[in-house]
Amino acid sequence: MKKYIKQLIKLINYERDAEIELMTNEIKNLSPKKRESLGRAINKVKGKYLGKQLGSQIVQFGRSEKIETEISVGDMVLISTGYPLRSDLTGTVVEKGARFIKVAFEKSIPKWTLKKKVRIDLYANDVTFRRMEDNLMHLNTKGKNALEYSLKKRDPKENNKEKYIDFIDKSLNESQKNAVRNAVNTENFFLIHGPFGTGKTRTLVELIQQEVRQSNKVLVTAESNSAVDNILDRLSQNKKLKITRLGHPQRVSKENIAYSLAYKAENHQLTGKINKLRGSRSNGGGCTKKRRGAGNKGGRGNAGASKQHWTWTAKFDPDHYGKHGFKRPQKMMIVRIKTMNKEISGN
């Protein structure tokens, strides 16, 4: 099994290197116009900031000329001003029109993105490949068992007692019902295999609902975002199910966005209070005034937010410019005023 996993990791690295090399060579050797003609780049587009959505910064790039491209929703793209390989600004396409394309960014957007005409390139990064490699390198016992079952190195166990099933989808055929029965009554692993159009997704939806009926939590995965959304479309018809869609919110279909974890977190009743406590312009200080006035953890602006070590000062040197920060002591001010009065009275 170790040799098999090692071989899988080797194949992943081959695929990753080939994909990145292809992209790099294209950008190096092809002109921007040529790469756009292949559908893998969009040139001379101007950005417009649309605001924040589900934790991402949304920018719409557009031009008067019609955009014809293979770049589609969910793709990762690289934004640059003409030298793509020197840029590290990447985003995810969330919407595409005839003359515009919307991109979501996880980090802050540079000013040049909105001021200059930019180039958008279809981008291949190694994040997905690194995740696959990491999963294989840190397989838990269940993961290793699943590989052994699929390679017929071991046989799965059946439950001693057969569970009664009241089917929710009454239109399932006998083959689909048998698949659900066998899956529910298998203790650790069951594989449903069949050609296109035989109702595997429909069978899977029934199986998920039966597992939930037995008070089990179910994690559903698929090879693509569209496949997950397809299952979610069917499961959402059952209003008794509590569903949370995991994954990048910008890769979730619009119909299912309300089920995404990001949407639920952003629209939770406690989100407003959390944001108020966490703060934004005040570097986590909560209320805006709390790190912008003298006498609060570092004086004016961002002074003392962390680098001045105000906590150490407050604990070990409480008399250093006041107890809670860099507030000027009142005694010093009084002494100065008295001295000035003496000088005036002496004249």
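None of the values given here were measured: they were computed from a predicted structure.

Visitor: What is the right way to look at the nonpolar core in this model?
Guide: Residues Phe-61, Ile-79 and Ile-120 are the most contacted members of the largest nonpolar core, which totals 15 residues. Those elements that place two or more of their residues in this core are β1 (41–53), β2 (56–62), β3 (76–80), β4 (89–96), β5 (100–105) and β6 (117–122). Ranked by the residues each element gives to this core, the list is headed by β5, at three residues. With residues up to four places along the chain from it excluded, the contact list for Ile-79 reads Phe-61, Ser-87, Leu-89, Phe-105, Trp-112, Thr-113, Val-118, Arg-119 and Ile-120.

Visitor: Would you mind showing me how to read the sheet that holds β6 here?
Guide: The strands making up a sheet associate through hydrogen bonds between their backbones, and the pairing can be parallel or antiparallel. Taking strand neighbours around the barrel as the criterion, the six strands line up as β1-β2-β5-β4-β3-β6 in a closed arrangement whose pairing is antiparallel. Across this sheet, the average inter-strand angle for adjacent strands is 45 degrees, counted without regard to direction. Here β3 runs beside β4; their pairing, made up of four bridges, is antiparallel. Across the sheet, Leu-78 pairs through a bridge with Thr-90, a residue of β4.

Visitor: I tried to follow helix α4 (residues 127–137) on my own but got confused; where do I start?
Guide: Residues spaced three or four apart along an α-helix point in a common direction, a consequence of the helix completing one turn every 3.6 residues. If you check which residues of α4 are buried, you get Phe-129, Glu-133 and Leu-136. End-on, the buried residues of α4 take up no more than an arc of 65 degrees, which puts them together on one face. Packing partners of the buried residues in α4 comprise α1 (2–29).

Visitor: Sorry, what's going on with the layout of surface pockets here?
Guide: Over the atoms rolls a probe the size of a water molecule, and its path tells where empty space is left. Of the pockets and cavities examined, the second largest pocket occupies roughly 1,500 Å³. In this structure, the second largest pocket is lined by 28 residues; those nearest its centre are Phe-190, Leu-204, Leu-207, Leu-219 and Thr-221. Counting residues per element, the ones that place at least two in the lining of the second largest pocket are α5 (141–150), α7 (200–213) and α8 (225–235). When residues in the lining of the second largest pocket are grouped by element, the largest group, six residues, is from α7. When its residues are assigned to classes, the lining of the second largest pocket shows 16 nonpolar, six polar and six charged.

Visitor: Teacher, can you tell me more about the packing of α7 against α8 here?
Guide: What describes two packed helices is the angle between their axes and the distance between those same axes. For the pair α7 and α8, the least separation of the axes is 10 Å and the interaxial angle reads 60 degrees. Between α7 and α8, the interaxial angle falls into the category oblique. Read as a crossing pair, α7 and α8 show a hand that is right-handed. Along the contact surface, α7 presents Thr-201, Arg-202, Leu-204, Val-205, Ile-208 and Gln-209, while α8 presents Asn-230, Ile-231, Arg-234 and Leu-235. Looking at the contact of α7 with α8 residue by residue, the classes come out as five nonpolar, three polar and two charged.

Thresholds, definitions, all that
Residues numbered from 1 in each chain as written. Predicted model: local features only at pLDDT ≥ 70, side-chain atom pairs only at ≥ 80, totals over all residues. Heavy atoms only, no water. Core = buried A, V, L, I, M, F, W, Y, C linked by side-chain atoms within 4.5 Å. Buried < 20%, exposed > 50% of the residue type's maximum accessible area, 1.4 Å probe, protein only. Helix = DSSP H or I, 4+ residues; strand = E, 2+ residues; numbered from the N terminus. Contact = heavy atoms within 4.5 Å. Pairing = 2+ DSSP bridges. Axes fitted to C-alpha atoms, helices over the stretch in contact; angles between N-to-C directions. Arc of directions from axis to C-beta. 1 Å grid on protein atoms, 1.4 Å probe; cavity = no way out; pocket = protein on both sides within 12 Å on 5 of 7 lines; lining within 4 Å. Points joined across faces, edges and corners; volume = space filled by probe spheres on them. Nonpolar A, V, L, I, M, F, W, Y, C, P; charged D, E, K, R; others polar. Parallel < 35°, antiparallel > 145°, perpendicular 65-115°, else oblique. Left-handed = near helix turned anticlockwise from the far one by under 90°.

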